[in-house]
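Take a look at the letters that make up each chain.
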Amino acid sequence: MFFSTGTPINITSASINQVSTSSVDPYLVYRRPITGGIALTIVNGGSGADGTIGFAAKRNSDNANGYVTTGHTSWFQTGLPSYQPIYGSGNQAGTVSKIGTNTDAAFVPYSNVAARIHTGGGNFVNVDGYYSGGISGMTLTKSGRASGSVTGQYIGVLTGQTIGGHYMDKIELMTTTCTSGDSGGPVYAYYNGNYKIVGIICGWTTVNQSIPATVYIPCGEVTSKLGVTPLTA
């Protein structure tokens, strides 16, 4: 099974311009408070990695608010600045403070966050709770800046996998693929009028050599490895 994740881009003048609220792409609008399912760029020197914010969370050690995205979007390094929606003056939204061990998750402390996720098309819903991960037969939806909002089905769980040279204790798979820029975006489930976080997008692969699949980090791994709890409305 071959796994792939997004790759960094060079920072250019075109990516420094402020994105206004009149943008035709709702993922790329400057938004405060920060929510899940909107674009971010993390900068490392002259390179930027485009990704998507997973969900708002609080750090258990001190109740500081912030948000979660993938570790590979920040080169698995702390101390890198995060921008929303893209690199530009006035867009910085915190600095990466923690990378989860043996997983693909990062936490960015930032006070102005809200327990909501962008479900595509400029629509937002409240986060009502979270699951530790997917469940057999579960319908899942993912929201990423490149692929938008796509619904699929839970496939299963894998343990002890290496993706992009980085070892993961546990990953899960859902049908439908994703692409560069979706990394970090929320995977969620909707039941009985409630939206609950299930995980964050990590990469893509194929199952049985033909079925496109999205790889995501289950919420239980994210929360335990980062020491955070998702914010709920």
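Residues numbered from 1 in each chain as written. Predicted model: local features only at pLDDT ≥ 70, side-chain atom pairs only at ≥ 80, totals over all residues. Heavy atoms only, no water.

1. Describing the side chain of T69
Note the following rule: Think of it this way: any DSSP run of H or I at least four residues long counts as a helix, any run of E at least two long counts as a strand, and we number them from the N terminus. Polar contacts here mean pairs of N or O atoms no more than 3.5 Å apart (in protein, one a potential hydrogen donor and the other a potential acceptor; neighbouring residues in sequence count only if both atoms are side-chain atoms).
Mapped onto the secondary structure, T69 falls in strand β6 (residues 65-69). Here T52 takes part through its backbone oxygen, which lies 3.0 Å from a polar atom of the side chain of T69.

2. Structural notes on the nonpolar core
Inclusion rule: Within this scheme, the nonpolar core is defined by two criteria: the residues are buried Ala, Val, Leu, Ile, Met, Phe, Trp, Tyr or Cys, and they are joined through side-chain atoms within 4.5 Å. Only protein chains enter the accessibility calculation, which uses a 1.4 Å probe. A residue is then buried if its area is under 20% of the maximum for its type, exposed if over 50%, and partly exposed in between.
Residues F55, V68, I200, I217, V222 and L226 are the most contacted members of the largest nonpolar core, which totals 24 residues. Counting residues per element, the ones that place at least two in this core are β5 (55-59), β16 (166-175), β18 (194-207), β19 (211-218) and α1 (219-226). Sorting elements by how many residues they give to this core places β18 first, with four residues. Core analysis: the second largest hydrophobic core is formed by 18 residues, L40, Y67, Y110 and F124 among them.

3. Observations regarding the side chain of D104
Quick note on the threshold: When charges are counted, Lys and Arg are positive and Asp and Glu negative, with His and the chain ends excluded. Salt bridges are defined as contacts in which a side-chain nitrogen from Lys or Arg sits within 4 Å of a carboxyl oxygen from Asp or Glu.
One can find D104 in the loop between β9 (98-99) and β10 (106-109). Despite being buried, D104 has no salt bridge partner; K225 is the closest side chain of opposite charge, sitting 11 Å away. Of the polar contacts made by the side chain of D104, one reaches the backbone nitrogen of G71; its length is 2.7 Å. Within the structure, the side chain of D104 is placed 2.6 Å from the side chain of H72, a separation counted as a polar contact.

4. Examining the sheet that holds β5
Stated precisely, the cut-off is as follows: Each pair of strands is called paired provided DSSP finds at least two bridges between the two strands. The contact criterion used is simple: two residues touch if any of their non-hydrogen atoms lie within 4.5 Å. Between the N-to-C directions of two axes lies an angle of 0 to 180 degrees, each axis being a line fitted to C-alpha atoms and, for a helix, fitted only over the stretch in contact.
Reading across the sheet, the five strands line up as β9-β10-β6-β5-β20 and stay open at both edges, with antiparallel pairing between neighbours. Looking at which strands have only one partner, the edges of the open sheet turn out to be β9 and β20 (228-230). Two strands pair when backbone bridges link them, and β5 and β6 are joined in this way by four bridges, in the antiparallel orientation. Looking across to β6, one finds that K58 is bridged to N65. Against the sheet, α1 touches β5, β6, β9, β10 and β20, its axis set at about 140 degrees to β20.

5. Focus on the packing of aromatic side chains
This is how it is decided: Under the pairing criterion, centres of Phe, Tyr and Trp rings, with the six-membered ring standing for Trp, must be within 6.5 Å; the plane angle then separates stacked pairs below 30 degrees from edge-to-face pairs above 60, leaving the rest tilted. Only when the NZ atom of a Lys or the CZ atom of an Arg is both within 6 Å of the ring centre and within 35 degrees of the ring normal do we say a charge sits over the ring.
The final tally for this structure, using the stated rule, is four aromatic pairs. Residues Y83 and Y87 carry aromatic rings whose centres are separated by 4.9 Å and whose planes lie at 85 degrees to one another, so their mutual orientation is edge-to-face. With a centroid separation of 6.0 Å and an interplanar angle of 55 degrees, the aromatic rings of Y188 and Y195 are classed as tilted. Classification of Y195 by relative accessible area gives partly exposed; the value is 23%. These aromatic residues form a ring-pair network of at least three members: Y188, Y190 and Y195. Over the aromatic face of Y131 sits the side chain of K196, whose NZ or CZ is 5.3 Å from the ring centroid.

6. Remarks on the confidence of the model for the chain
The cut-off we apply is this: The quantity known as pLDDT measures the predictor's confidence residue by residue, on a range of 0 to 100.
Chain-level statistics for the chain give a pLDDT mean of 91 and a share of 90% at 70 or above. Ignoring residues within four places in sequence, the model shows residues 11-23, a span with pLDDT below 50, making 26 contacts including any to other chains.

7. Points about the pairing of β16
Sheet analysis places strand β15 (residues 148-163) next to β16, joined by eight bridges and oriented antiparallel. Among the inter-strand pairings, T162 is bridged to a residue of β16, identified as Y167. Counted between consecutive antiparallel strands, the loop separating β15 from β16 contains two residues, among which G164 sits at a positive phi close to 60 degrees.

8. Points about unusual backbone geometry
In this structure, the amide linkage connecting R32 to the following residue, P33, adopts the cis form with an omega of 10 degrees. Examined against the element boundaries, P33 turns out to sit in the loop between β1 (9-10) and β2 (34-36). Residue P85 follows Q84 across a cis peptide bond; omega there is 5 degrees. Along the chain, the position of P85 falls in the loop between β7 (81-83) and β8 (92-95). Residues other than glycine seldom take positive phi values, yet N102 does so here, at roughly 55 degrees. Its place among the elements puts N102 in the loop between β9 and β10.

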